[in-house]
Amino acid sequence: MKLYLTYLFFLFIFFLSVACQQENKEVAHPNIVWIVSEDNSPLLGCYGDTFATTPVLDKFASQGIVYENAFASAPVCAPTRSTLITGVYPPSMGTQHMRSENPIPDFIQFFPHYLREAGYYCTNNSKKDYNTVDQSNAWDESSNQATYKNRKPGQPFFAIFNLTVSHESSLHTPLDTLKHDPEKVPIPAYHPRTPEMKHDWAQYYDKIETMDQQVGKILSELKEAGLADSTIVFYYSDHGGVLGRSKRFLFESGLHVPLLIRFPEKYKDLAPGKPGTRTDRLVSFLDFAPTILSLCGIDIPDYMQGEAFLGNQQKPEPEYVYNFRGRMDEVYDMSRSVRNKQFRYTRNYMPHRIYGQYLEYLWRAPSMPSWERAYKAGTLNKAQSAFWEPKPAEELYEIATDSDNVHNLADNPEYEPVLEEMRKANTAWLKKTHDSGFLPEGEMIRQAAGSTIYEFARADQYPIEAIIETANMATLGHAENLDKLIEKLDDPNGIIRYWAATGCVILGKKAKEAQPVLEKHLNDPVPDVAIATAEALYELGETKKAIPTLEKALRHSNEKVRLHALNIFRLMDQNAAQSLKSITAMTEGRDHESNDYDMRAALYLIEQLSHKP
């Protein structure tokens, strides 16, 4: 009898062990769904927005975890999707500019590839827009018909559903009838209450309500399929937005995103808290790919720069998250930003460019031209006017007291320790990630030929510390640095020459002593250096010397070299009229309806210059 009881005991232990192993196996392979809306900040009831109508997401938040400090890596779609799909910071790879086509190294795989290797069925419905060369092995299905329902019986799945109803294009045509009252709509401190602005904001809230209903349909389908109890569901937006100064701009309005994650009872041990709780942990899009691999029990590749915030490979909370801005469609700019729980710091590497550079797609929303008209009419206050004026080299905002980011503390002596701390954090991150953004894009494309920007940015030809030192000195606009800039104009490295020339642009008339050296570089072997030199000479009043170099660049085979030159012509106002023939010539024989950014910039210039007296 005793032997029999012993046998039963060990049999029980054996089956318990098997059951635990099966349970652990199931926990390691949960189904995961991403519901991704477009172009919206946390304008949801669950984030305290009392004007929003979002009952589905508010209920969903009560069933899951609300992340209060989640941030897109960039304030625009394609670069953020590059981050999400790779787990690598786009400036590390040369994929930071809007609609980039630069290749990335073969060892950087779109992360669903690893899920598929582990037996997952992966579907994407349907937007890709990864800002680099596509990888066909990432998905089992990717189309507007893609669904997890086509998997094998019992096969775990990862499915993305992209909701486009809140995209900025939804504001291009004003609606006659609105659910949300334009007269009652809340508007941030940096926007004037023009009729068009009020209408766009109210229409946007209508689109958020429709998006909320679409989320409800996806959740209902999951429940009806009997999968709600075995699926972890993420809801987030691809970046902030959508009215001017949000999408495309490094403010909270462009970077802060809603992130809600619901864990079913089966996977409650993977959750950071109980249903209905909130967390202030800092989370970046850089962390999403490693987090999904961690939740699914898959080893995170060493090249990923993000860190898991859930699962068995979870890392401690970071001190900072990092953000970037590069070329936005046809307009060049460059900024980097650092966020901790209290402050946002931004470094503008092109402070001589105003925030509100004309961008054809952005100006399709009626609110944008109405805002610009109000500025030109002189009816705006300081906060509303800042968008149309040169940027400071550095910005620092305290989030709790200034969520709209309108009170720059960078020049406030009381905040000097914070400024210095975050300035150092930014520089350290630039170096750690080998940020390729200091390469002018025309040169970037040339260097990527036969290789990748990722590899070039780690080579001797890209001395990151010397480049950052020059760029920092150049963009501060201090006249006492002119002698050093003149010396660097003759540096053997073209990237350093480019930033030295840019420093002279920023100094304007104060760079007069540099003129003889600048003139030597009007035919620099690096076209972007020649263009920056021409711009610096133009700022010195040497229009006749600058124009031939810019016109020559319009004939270059590299589209981004042409675009760089067009960006300078846009700043020249009536002085660009003498080059109208050359600008027109570059559009001849080409499709005027194409989405080529140089064509878009050229046609805008032609229209503007043709109407000038």
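Structure's up top.
J.: Would you mind going over unusual backbone geometry in detail, with residue names and values included?
T.: With an omega dihedral of 0°, the bond running from Asn125 to Ser126 counts as a cis peptide bond. Tracing the chain through its elements places Ser126 in the loop between β3 (121-125) and β4 (141-142). A cis amide bond links Gly241 to the next residue, Val242, at an omega of 10°. Structurally, Val242 can be placed in the loop between β6 (231-237) and α7 (252-255). The residue Arg245 is not glycine, and still its phi comes out positive at about 80°. Within the element layout of this structure, Arg245 appears in the loop between β6 and α7. Positive phi is not limited to glycine here, since Asp573 has a value of about 50°. Structurally, Asp573 is set in the loop between α20 (559-570) and α21 (580-585).

J.: How would you explain the packing of aromatic side chains if you had to name every residue and give the values?
T.: Evaluation of the coordinates by the stated rule reveals 42 aromatic pairs. A centroid spacing of 6.3 Å and a plane angle of 55° characterise the contact between Tyr320 and Tyr322, whose relative ring orientation is tilted. Here Tyr320 falls in the buried class, since its relative accessible area comes to 13%. On the basis of an interplanar angle of 10° and a centroid distance of 6.4 Å, the ring pair of Tyr355 and Phe387 is categorised as stacked. Taken as a pair, Tyr355 in the loop between β11 (343-348) and α9 (367-376) and Phe387 in the loop between α10 (382-385) and β12 (394-398) lie far apart in primary sequence, 32 residues in all. When sorted by exposure, Tyr355 lands in the same class as Phe387, which is buried. One aromatic cluster is present, formed by Phe249, Phe251, Tyr355, Tyr358, Trp363, Trp371, Tyr375, Phe387, Trp388, Tyr397 and Tyr604 through successive ring pairs. Taking NZ or CZ as reference, Arg245 lies 3.6 Å from the ring centre of Phe251, over its face. The ring of Tyr454 is capped by Arg458, whose NZ or CZ atom sits 3.7 Å from the centre of that ring.

J.: Lay out empty space enclosed by the protein in plain terms, naming residues and giving numbers.
T.: Scanning all chains against the criterion turns up five cavities of 30 Å³ or more. Reported here for the largest cavity is a volume of approximately 240 Å³. Residue lining of the largest cavity: 25 residues in total, with Tyr332, Met350, Pro440, Tyr498 and His564 positioned closest to the centre. When contributions to the lining of the largest cavity are tallied by element, the ones reaching two or more residues are α16 (494-507), α18 (527-539) and α20. Looking at the lining of the largest cavity, the element that brings in the most residues is α16, giving four residues. Considering only residue class, the lining of the largest cavity consists of ten nonpolar, eight polar and seven charged. In this structure, the second largest cavity is lined by Trp34, Val36, Arg81, Leu84, Ile85, Asn124, Lys127, Lys128, Tyr130, Ile160, Asn162 and Tyr236. Elements supplying a minimum of two residues to the lining of the second largest cavity: β1 (31-37), α3 (77-86) and β5 (157-163). With three residues, α3 is the largest single contributor of residues to the lining of the second largest cavity. By residue class, the composition of the lining of the second largest cavity is seven nonpolar, two polar and three charged.

J.: Account for the pairing of strand β2 (residues 65-71), with residues named and values stated.
T.: Along β2, six of the seven residues are buried, which leaves the element largely enclosed by surrounding structure. Across five bridges, β2 lies against strand β7 (residues 256-262) in antiparallel orientation. Looking at β7, one finds that Ala70 is bridged to Val257. Pairing analysis gives six bridges linking β2 to strand β8 (residues 277-284), with the strands arranged parallel.

J.: Before we move on, can you summarise the sheet that holds β5 with the specific residues and values?
T.: Here eight strands make up an open sheet; going across it, the order is β4-β3-β5-β1-β6-β7-β2-β8 and the pairing mixed. Either end of the sheet is taken by a strand with one partner, and the two such strands are β4 and β8. Against the sheet, helix α2 (residues 55-63) makes contact with β2, β6 and β7, and its axis sits at roughly 60° relative to β7, the strand it touches most.

J.: How would you summarise the packing of helix α6 (residues 195-224) against α9 if you had to cite specific residues and measurements?
T.: It is at 8 Å that the axes of α6 and α9 come closest, and there the two elements cross at 150°. Of the possible angle classes, the one that applies to α6 and α9 is roughly antiparallel. For the element pair α6 and α9, the recorded crossing hand is left-handed. For the pair α6 and α9, the contacting residues are Glu196, Met197 and Asp200 in the first and Ser367, Ser370, Trp371 and Arg373 in the second. Residue classes in the contact of α6 with α9 are distributed as two nonpolar, two polar and three charged.

J.: Could you give me a rundown of the side chain of Ser370, with the residues and numbers involved?
T.: Mapped onto the secondary structure, Ser370 falls in helix α9. Classification of Ser370 by relative accessible area gives buried; the value is 4%. At a separation of 2.9 Å, a polar atom in the side chain of Ser370 contacts the side chain of Thr194. Excluding its chain neighbours within four sequence positions, the residues that come into contact with Ser370 are Thr194, Glu196 and Met197.

J.: Describe the pattern of salt bridges, naming the residues involved and giving the relevant values.
T.: Evaluated as defined, the whole model comprises 40 salt bridges. Lys127 is the salt-bridge partner of Glu38, the closest N and O atoms lying 2.9 Å from each other. With a gap of 89 residues between them, Glu38 in the loop between β1 and α2 and Lys127 in the loop between β3 and β4 connect regions that are remote in the sequence. Of the charged contacts in the structure, one is a salt bridge between Lys545 and Glu542, with a shortest N-O distance of 3.8 Å.

What counts and how
Residues numbered from 1 in each chain as written. Predicted model: local features only at pLDDT ≥ 70, side-chain atom pairs only at ≥ 80, totals over all residues. Heavy atoms only, no water. Helix = DSSP H or I, 4+ residues; strand = E, 2+ residues; numbered from the N terminus. Phe/Tyr/Trp six-rings, centres within 6.5 Å; stacked < 30°, edge-to-face > 60°. Buried < 20%, exposed > 50% of the residue type's maximum accessible area, 1.4 Å probe, protein only. Lys NZ or Arg CZ within 6 Å of the ring centre and 35° of its normal. 1 Å grid on protein atoms, 1.4 Å probe; cavity = no way out; pocket = protein on both sides within 12 Å on 5 of 7 lines; lining within 4 Å. Points joined across faces, edges and corners; volume = space filled by probe spheres on them. Nonpolar A, V, L, I, M, F, W, Y, C, P; charged D, E, K, R; others polar. Pairing = 2+ DSSP bridges. Contact = heavy atoms within 4.5 Å. Axes fitted to C-alpha atoms, helices over the stretch in contact; angles between N-to-C directions. Parallel < 35°, antiparallel > 145°, perpendicular 65-115°, else oblique. Left-handed = near helix turned anticlockwise from the far one by under 90°. Polar contact = N/O pair within 3.5 Å; in protein donor to acceptor, adjacent residues only side chain to side chain. Salt bridge = Lys/Arg side-chain N within 4 Å of Asp/Glu carboxyl O.

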